[in-house]
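Listed below are the residues making up each chain.
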Amino acid sequence: MLAALNPVLNPRGFTNLQVLLRSISLPNQLRASIEQKLQAEQQSEQMRFVLDRERQEAERKRIEAQGIADFQRIVAQGIDERLLRWKGIEATQALAASRTRSS
């Protein structure tokens, strides 16, 4: 702006140091292009947020699944043939005791 004004004003004895603008009117096509670019950037940012949230949810599910797998492995290690036989005997005794009480 100064480069355009100074050649016109300097020969007339004016020195221009600043140009104050009150308003700028952009052409409709340029304004629409700027708005489209801003909307595209916002959509891109929103998609990044959604993807980050989905990655975090996937990580949470992996951690939960690993915890369940660890629990099942620990429980399976504690179960052997003798324990199963003993629990079967206890169940048979409880069933026999309930039949004698109900008769």
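Residues numbered from 1 in each chain as written. Predicted model: local features only at pLDDT ≥ 70, side-chain atom pairs only at ≥ 80, totals over all residues. Heavy atoms only, no water.

S.K.: Any chance you could explain the overall build of the chain here in plain terms?
M.R.: Tallying secondary structure elements over the chain gives 3 helices and 0 strands in all. When the helices and strands of the chain are placed in sequence order, the string is α-α-α. Computed over its C-alpha atoms, the radius of gyration of the chain comes to 40 Å, more than 25% above the 13 Å expected for a compact globule of 103 residues. Here the chain, with 103 residues, has 1% of them falling under the buried criterion. Carbon and sulfur atoms make up 58% of the accessible area of the chain, which totals about 9800 Å². (Helix = DSSP H or I, 4+ residues; strand = E, 2+ residues; numbered from the N terminus. Rg over C-alpha atoms; globule rule 2.2 N^0.38 Å. Buried < 20%, exposed > 50% of the residue type's maximum accessible area, 1.4 Å probe, protein only. Areas by Shrake-Rupley, 256 points an atom, 1.4 Å probe, with all protein chains shown as cover.)

S.K.: Sorry, what's going on with the pattern of salt bridges here?
M.R.: Two side chains with opposite charge may pair up if their charged atoms get near one another. Within this structure, the stated rule accounts for 9 salt bridges. Note that R48 and E45 form a salt bridge whose closest N and O atoms lie 2.5 Å from each other. Note that R48 and E45 are positioned in helix α2 (residues 28–78) at a spacing of 3 residues, about one turn of the helix. For R85, the salt bridge identified is with E81, shortest N-O distance 3.9 Å. Here the residue R85 and the residue E81 both occupy positions in helix α3 (residues 81–102), the gap between them amounting to 4 residues, near one helical turn. Judged by relative accessible area, R85 falls into the partly exposed class, the value being 49%. Through salt bridges with shared partners, a single ionic network connects E57, R60 and E64. (Salt bridge = Lys/Arg side-chain N within 4 Å of Asp/Glu carboxyl O.)

S.K.: Please clarify how the confidence of the model for the chain should be interpreted in this entry.
M.R.: Detailed reading of the predicted coordinates is not advisable wherever pLDDT falls low. Taken as a whole, the chain shows an average pLDDT of 89; of its residues, 98% reach a score of 70 or greater. The spread of mean pLDDT over the elements of the chain runs between helix α1 (residues 2–9), the lowest at 81, and α2, the highest at 95. (pLDDT = per-residue confidence, 0-100.)

S.K.: What exactly am I supposed to notice about a nonpolar patch on the surface here?
M.R.: Together, M1, L5, L21, I24, L26, L30, I34 and L38 make up an exposed nonpolar region whose accessible area comes to about 740 Å². In terms of residue count, α2 provides more of the nonpolar patch than any other element does, 3 residues in total. Structurally, the position occupied by I34 is in helix α2. The class for I34 is partly exposed, based on a relative accessible area of 39%. (Patch = residues over 30% accessible without salt bridge, like charges linked within 9 Å, V, L, I, M, F, W, Y side chains within 5 Å.)

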